[in-house]
Amino acid sequence: VSKYMLADLPSYVKRKKVIPNLVDTECFKLERKPIKGLRIAKVCAFRKGKRIEDLLSALRIIIDKYKIKDVHLTIVGDGYLKEFYQNKCHELNLDSYVDFVGRKSKLEIAQILNENNVFVITSTNETFCIPGIEALASGMPVVSTKCFGPEEYINEVSGKLVSVGNIKEIAEAIVDVYQNIDHYNVNDLRAIADRYSAKNVTDLAIKVYQELLEEK
């Protein structure tokens, strides 16, 4: 589903092609309205490798170092590390700045994304990261670690890439995106997301099958 995975295929696989994950981009194209303050969103499973603790630590830096008080983080998801992340949030004295909202439907996530202005990925490794595309489809820039999959769609037009585990860099990138939020054009963000729309991915898959059938 991504170029880095293609490169990992064994050498005896002679013919290789990337067919990315299919994303229902249309569902997330709600009318965006002005958002007051820094509103951060994260959608992921609560498991090892997602590094939500890094985002929480970065949020503490945003508040203390950058003096941004009008800030809130909404975390969508669930999993076996939920209690760990909630305890980390409490240790950092961030309870009033963070909402753990649990699992949500696709339509509910679309509404949540529409109420935020920066999406963050802090993972160690992502093969693709569908929530990143959903965020772009909603019109949000994305701050992501260099965790492979998202590197194929995050650039200067769509957000910022940072080093895995570098909390200071994560905080700096979030603040930079927020302070330059007008630099990110909603239509440009959605155009990137639409590369992974149902039609485009389906057309690509059909083309592959047609080529094989013609050879046969």
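Above this text sits the structure in question.
Residues numbered from 1 in each chain as written. Predicted model: local features only at pLDDT ≥ 70, side-chain atom pairs only at ≥ 80, totals over all residues. Heavy atoms only, no water.

Quick one: what's the story with the overall build of the protein, residue by residue and with numbers?
For the protein, the count of helices and strands is eight helices and six strands. When the helices and strands of the protein are placed in sequence order, the string is α-β-α-β-α-β-α-β-α-β-β-α-α-α. For 216 residues, the compact-globule estimate of 2.2 N^0.38 gives 17 Å, and the protein sits close to it at 18 Å. Projected onto its principal axes, the C-alpha positions of the protein cover 65 × 35 × 30 Å. In the protein, 73% of the contacts between residues at least 6 apart in sequence involve partners at least 24 apart. Of the accessible surface of the protein, which amounts to about 11400 Å², a share of 50% is contributed by carbon and sulfur atoms. Considering the protein, the positive charge centre built from 32 side chains and the negative charge centre built from 30 side chains are found 2 Å apart. (Helix = DSSP H or I, 4+ residues; strand = E, 2+ residues; numbered from the N terminus. Rg over C-alpha atoms; globule rule 2.2 N^0.38 Å. Contact = heavy atoms within 4.5 Å. Areas by Shrake-Rupley, 256 points an atom, 1.4 Å probe, with all protein chains shown as cover. Lys, Arg positive; Asp, Glu negative; His and termini not counted. Charge placed at Lys NZ, Arg CZ, Asp CG, Glu CD.)

Tell me about unusual backbone geometry, and name the residues and values.
One non-glycine residue, N93, lies in the positive phi region at around 60°. Within the secondary structure layout, N93 lies in the loop between α3 (82-91) and β3 (98-102). Here the phi dihedral of F148 falls at roughly 80°; this positive angle occurs in a residue that is not glycine.

Now, about the pairing of strand β4 (residues 118-121): what can you tell me, with residues and values included?
A two-sided burial pattern is seen for β4, the buried positions comprising V118 and V120 on one face and F119 and I121 on the other. Pairing analysis gives two bridges linking strand β1 (residues 38-43) to β4, with the strands arranged parallel. Paired with A41 across the bridge in β4 is F119. As paired strands, β4 and strand β5 (residues 142-145) are joined by three bridges and run parallel to one another. Across the sheet, residue I121 finds its bridge partner in β5, namely S144. Chirality of the crossover, the property in question, places the unit of β4, helix α5 (residues 130-138) and β5 among those that are right-handed. (Buried < 20%, exposed > 50% of the residue type's maximum accessible area, 1.4 Å probe, protein only. Pairing = 2+ DSSP bridges. Right-handed = clockwise from strand over helix to strand, strands pointing away.)

A description of the sheet that holds β1 should follow, citing residues and the corresponding values.
Pairing is parallel across the open sheet formed by six strands, whose spatial order is β3-β2-β1-β4-β5-β6. Edge strands, defined here as strands with exactly one partner in the open sheet, are β3 and β6 (159-162). This sheet shows a mean twist of 20° between the axes of neighbouring strands, independent of strand direction. For strand β2 (residues 71-76) and β3, the ladder comprises four bridges, and the chain directions are parallel. Counted as the bridge partner of I75 is F100 from β3. Running over the sheet, helix α2 (residues 52-64) touches β1, β2, β3 and β4 and is turned about 170° from β2. Together, β1, β2, β3 and β4 form the strand contacts of helix α4 (residues 106-114), whose direction differs from that of β2 by roughly 165°. (Axes fitted to C-alpha atoms, helices over the stretch in contact; angles between N-to-C directions.)

Report on the packing of α2 against helix α6 (residues 167-179), specifying residues and quantitative values.
In contact at an axis separation of 8 Å, α2 and α6 are set at 60° when each is read in the N-to-C sense. Between α2 and α6, the crossing angle belongs to the class labelled oblique. Handedness of the α2/α6 crossing: right-handed. Across the interface between the two elements, D54, L55, S57, A58, I61 and I62 of α2 pack against I167, K168, I170, A171, I174 and V175 of α6. Classifying every residue of the contact of α2 with α6 gives nine nonpolar, one polar and two charged. (Parallel < 35°, antiparallel > 145°, perpendicular 65-115°, else oblique. Left-handed = near helix turned anticlockwise from the far one by under 90°. Nonpolar A, V, L, I, M, F, W, Y, C, P; charged D, E, K, R; others polar.)

Any chance you could break down the pattern of salt bridges for me, citing the residues and the numbers?
Enumeration according to the criterion identifies 11 salt bridges in this entry. Among the ionic pairs, R15 bridges to E215, the shortest N-O distance being 3.0 Å. Pair noted here: R15 is in the loop between α1 (3-7) and β1 and E215 is in helix α8 (residues 198-215), with a separation of 200 residues, a long-range link. Exposure class is identical for R15 and E215. Each is exposed. (Salt bridge = Lys/Arg side-chain N within 4 Å of Asp/Glu carboxyl O.)

Hey, could you go over the packing of aromatic side chains for me, with residue numbers and the actual values?
Remark: the centre distance and the inter-plane angle together describe each pair of aromatic rings, the angle taken between the planes. In this structure the tally under the stated criterion is seven aromatic pairs. Of the aromatic side chains, those joined through ring pairs into one cluster are F46, F84, Y85 and F100. (Phe/Tyr/Trp six-rings, centres within 6.5 Å; stacked < 30°, edge-to-face > 60°.)

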